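Okay, here's what each chain looks like letter by letter:
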Amino acid sequence: HDAERRELPTHDLDADALADTWERLRTRAPLVQCLTNRVATALSANVLLAAGASPAMVDTPREARFFAGRADAVLVNLGTPTEESMQGIAEAVPGAVEAGTPWVLDPIGAGGLPWRSGIAQDLLGHRPTIIRGNASEVLGLGGGGGGRGADSTDRPESALPTARELAGRTGGAVAVSGEVDHLTDGERVVLLGHGHPWLTRVTGAGCALGALMAACSAVTEDPLLAAAAATAAYTLAAETSGATSCGPGSFVASLLDDLHLLEPEHLAGRVVL
Ligand code: ATP
Ligand code: TZP
Ligand code: MG
Ligand code: MG
């Protein structure tokens, strides 16, 4: 992706800024409220704990708004919507906005599934700090067709123009995941080519990355930096895990270990921006 990188606008993020963000996450242990799907719940909580953050899956409509005012960040994921879970999200998001709490939207299935596409469009109006999705979901949010259920059928580079347009609308960052992660705040564009193919063989691996982005958004005012720091940490840990495990099962266990072990100086020394 070096050729693509040369064609894109420059950015001011460097390895030290990403490492500082990772350091702040580990020192401050932000409280992350997760309103997520029933597939990815445990992995997301475990990824947050391994990184040094504090997960709380407070998603009932009766408490979601109250808690969004107390959490350091909120994650909203549309993976397995029910009437009740969507009511919880409808409470939490205005609660987060009112309290100035950063919030992340993972619009699973947007564009491809009718009910949640409408919900995702409505949520855009509340200006998510970060939108994180696969390429098909980001294209879906922009009004295009979606992917194949929860999985992407598009390449991240094809979603970059839509990602930039969405970021311009929300004032936040949009992170399109894939073999090369494409991140933008509408102006700046960051490409990160780390990771491991087994991340696509573990369900909820993208969702857990969204949770980690929420945690990072609690420790920096710059949404693009938050998204990039989370992506770098996660994908660098995954490279280590991929090299030391023998398949998706041992890989996901190692991923928690390697996230836990990833020191800011390792991140700074290894990331290619
Ligand atoms: P999908 O919904 O299509 O399963 P997702 O929401 O799970 O996508 P991914 O695109 O799989 O999200 O991204 C999750 C993580 O996996 C990201 O950190 C990304 O960098 C990494 N990743 C995705 N595809 C690859 C790949 N082919 N090689 C290396 N890393 C990858
Ligand atoms: N079905 C609905 S949500 C979900 C599945 C399989 C999890 C998708 O997780 P990810 O992180 O997008 O791979
Ligand atoms: Mg996936
Ligand atoms: Mg996904």
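As a reminder, the structure under discussion sits directly above these lines.
Residues numbered from 1 in each chain as written. Chains lettered and ligands numbered in written order. Predicted model: local features only at pLDDT ≥ 70, side-chain atom pairs only at ≥ 80, totals over all residues. Heavy atoms only, no water.

A. Here's a closer look at the overall build of the protein chain. Helix and strand content of the protein chain: 12 helices and 8 strands. The C-alpha radius of gyration of the protein chain comes to 17 Å, within 12% of the 19 Å expected for a compact globule of 273 residues. With the C-alpha coordinates of the protein chain rotated into their principal frame, the extents come out at 45 × 35 × 35 Å. Taken over 273 residues, the protein chain has a buried fraction of 55%. The long-range share in the protein chain, meaning contacts at least 24 apart out of those at least 6 apart in sequence, stands at 72%. Carbon and sulfur atoms form 50% of the exposed surface of the protein chain, whose accessible area is close to 11,100 Å². Both charge centroids of the protein chain, one from 19 positive and one from 33 negative side chains, sit 3 Å from each other. (Helix = DSSP H or I, 4+ residues; strand = E, 2+ residues; numbered from the N terminus. Rg over C-alpha atoms; globule rule 2.2 N^0.38 Å. Buried < 20%, exposed > 50% of the residue type's maximum accessible area, 1.4 Å probe, protein only. Contact = heavy atoms within 4.5 Å. Areas by Shrake-Rupley, 256 points an atom, 1.4 Å probe, with all protein chains shown as cover. Lys, Arg positive; Asp, Glu negative; His and termini not counted. Charge placed at Lys NZ, Arg CZ, Asp CG, Glu CD.)

B. Summary view of the site of ligand 1. Close to ligand 1 lie 19 residues, the nearest being Arg132, Asn134, Ala150, Ser177 and Asp181. The side chain of Asp151 places a nitrogen or oxygen atom 3.0 Å from an oxygen atom of ligand 1. Contact between ligand 1 and Ser152: an oxygen atom at 2.9 Å from a main-chain N or O atom of the residue. Relative to its free-state accessible area of 600 Å², ligand 1 is covered by the protein chains to the extent of 84%. (Near = heavy atom within 4 Å. Polar contact = N/O pair within 3.5 Å; in protein donor to acceptor, adjacent residues only side chain to side chain.)

C. The pairing of strand E6 (residues 173–177), seen in detail. Summarising burial for E6: 5 of the 5 residues are buried, a large majority. Neither face of E6 is left uncovered, since the one carrying Ala173, Ala175 and Ser177 and the one carrying Val174 and Val176 both have all their residues buried. Where strand E5 (residues 130–134) and E6 come together, 5 bridges link them in parallel fashion. Following the sheet pairing, Gly133 is matched in E6 by Val176. Relative to strand E7 (residues 181–184), E6 is paired through 3 bridges, and the arrangement is antiparallel. For Val176, the partnering residue across the bridge sits in E7 and is His182. Taking the residues between adjacent antiparallel strands as the criterion, E6 and E7 are bridged by 3 residues. (Pairing = 2+ DSSP bridges.)

D. Spotlight on the nonpolar core. One finds Leu18, Trp22, Leu25, Leu212, Tyr234 and Leu267 to be the most contacted residues of the largest nonpolar core, which totals 53 residues. Of all the elements, helix H10 (residues 223–244) adds the most residues to this core, at 13 residues. Residues in contact with Trp22, not counting those within four places in the same chain, are Ala51, Leu212, Ala233, Leu259, Leu262, Glu263, Pro264 and Leu267. Residues Leu124, Ala163, Leu166 and Val174 belong to the second largest nonpolar core, which totals 29 residues. (Core = buried A, V, L, I, M, F, W, Y, C linked by side-chain atoms within 4.5 Å.)

E. Examining the site of ligand 2 more closely. If you check the shell around ligand 2, you find Asn37, Val39, Gly79, Thr80, Ile108, Ala150, Thr203, Gly204, Ala205, Gly206 and Cys207 and nothing else. Gly206 is positioned such that a nitrogen or oxygen atom in its backbone is 2.9 Å from an oxygen atom of ligand 2. Between an oxygen atom of ligand 2 and a main-chain N or O atom of Cys207, the distance comes to 2.8 Å. Protein burial of ligand 2: of its 380 Å² of free accessible surface, 74% is covered by the chains. Looking at the shell around ligand 2, its residues break down into 5 nonpolar, 6 polar and no charged. (Nonpolar A, V, L, I, M, F, W, Y, C, P; charged D, E, K, R; others polar.)

F. Fine view of the pairing of strand E8 (residues 189–192). Judged by which residues are buried, E8 turns out to be covered on both faces: Val189 and Leu191 on one side and Val190 and Leu192 on the other are all buried. The pairing of E7 with E8 spans 4 bridges and is classified as antiparallel. What sits directly across from His182, in E8, is Leu191. Linking E7 to E8, which pair antiparallel, is a turn of 4 residues; within it Gly186 sits at a positive phi near 100°.

G. Examining the environment of Trp198 more closely. Mapped onto the secondary structure, Trp198 falls in the loop between E8 and helix H9 (205–217). Overall, the relative accessible area of 23% leaves Trp198 in the partly exposed class. As a C-alpha pair, Trp198 and Ser241 span 43 residues in sequence and 9.6 Å in three-dimensional space. Ignoring sequence-local partners within four residues, the contact set of Trp198 consists of Gly242, Ser245, Cys246, Gly247, Pro248 and Phe251.

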